[in-house]
Amino acid sequence: MKTSSKIVYKWLLVPLLFTLLPLMANSQDSQDEPRNGVYLSPGIPSFSIAYERMLNHKKENIKPYIRLIGGRYQGLFDSEWQNYLAAMPTLVFGSGNHHAEAGIGFTVASPGHDPKLWGALNVGYRYQKPDGNFLFRAGIGTPEGGYLSVGIAF
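What you see is a predicted model, and the numbers here were worked out from it, not measured in a lab.

Cut-offs and rules
- Residues numbered from 1 in each chain as written.
- Predicted model: local features only at pLDDT ≥ 70, side-chain atom pairs only at ≥ 80, totals over all residues.
- Heavy atoms only, no water.
- Buried < 20%, exposed > 50% of the residue type's maximum accessible area, 1.4 Å probe, protein only.
- Helix = DSSP H or I, 4+ residues; strand = E, 2+ residues; numbered from the N terminus.
- Pairing = 2+ DSSP bridges.
- Core = buried A, V, L, I, M, F, W, Y, C linked by side-chain atoms within 4.5 Å.
- Contact = heavy atoms within 4.5 Å.

J.: Just to check I follow, could you spell out the pairing of strand E2 (residues 46–54) for this structure?
T.: The two faces of a sheet get side chains in turn, since along a regular strand they alternate between them. Within E2, seven of the nine residues are buried, which leaves it mostly tucked inside the rest of the structure. Summarising the sheet, strand E1 (residues 36–44) and E2 pair through seven bridges and their orientation is antiparallel. Within the sheet, the bridge partner assigned to valine 38 lies in E2 and is tyrosine 51. Counted along the chain from E1 to the antiparallel partner E2, the turn is one residue long. Both E2 and strand E3 (residues 62–74) contribute to a ladder of nine bridges, which runs antiparallel. When the bridges of E3 are listed, methionine 54 appears paired with tyrosine 65.

Right, here's the structure in full:
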C-alpha cells in the first residue's frame, strides 16, 4: 500500500521530467523568448508545482501553452488533503510584460485509492517579459482555487 506522500512525489516528478526533454532536444529556433516554464503555486486551498511548454504559434499576441500541474488541495466539504494531477491547454493573450491567460483541461484527483476525473480551468493575470526569465501569475481556477505563482521561464 502506497502512502499519500509517495503518490504526491510521483505526481510532482512528472512535470519535472518534462523540463528535461526540451533541454535534451536540439532546437533549430533562434528565438530569444523562453518556451518553457516551471513555477510553484501556493493557493487557497491548494499547493502545486507546474511545468508548461509554449507551442508553435503564428500570432504574437496569442500564445498557446500546454500545462501539467501536480499538487495537493483541501476538499471543500471535509478537511482532508487530496492529491491531483491536471493537464490544461492554455492561451496567453497580449504582448509586452503584462498578459491575460485562460485554460481549460482535466484533473485526476486521488482521494484515497479511488481516482476521480473532473474539469480544470483557470483565468488569471501573468507577468513575464518577452525575453525574461521571471514568471509571476495570479488568478482563480480549479483545482488550484485562488493562486499566486512564482517561477522561472527558460
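J.: Quick question: what am I supposed to make of unusual backbone geometry here?
T.: It is generally the case that most residues other than glycine have a negative phi and that most peptide bonds are trans. The peptide bond linking isoleucine 44 to proline 45 adopts the cis configuration, its omega dihedral lying at 10°. By secondary structure assignment, the location of proline 45 is in the loop between E1 and E2. The residue after threonine 142, namely proline 143, is reached through a cis peptide bond having omega 10°. The topology assignment puts proline 143 in the loop between strand E7 (134–142) and strand E8 (145–153).

J.: Help me out: how do you make sense of the nonpolar core in this one?
T.: Soluble globular proteins: nonpolar side chains tend toward being buried together. Grouped together as the largest cluster of nonpolar side chains are 10 residues: Tyr39, Ala50, Ile69, Tyr73, Tyr84, Ala86, Met88, Ala109, Ala120 and Leu135. With near-sequence residues (within four places) excluded, alanine 120 lies in contact with Ala86, Met88, Gly103, Ile104, Gly105, Phe106, Thr107, Thr142 and Pro143.

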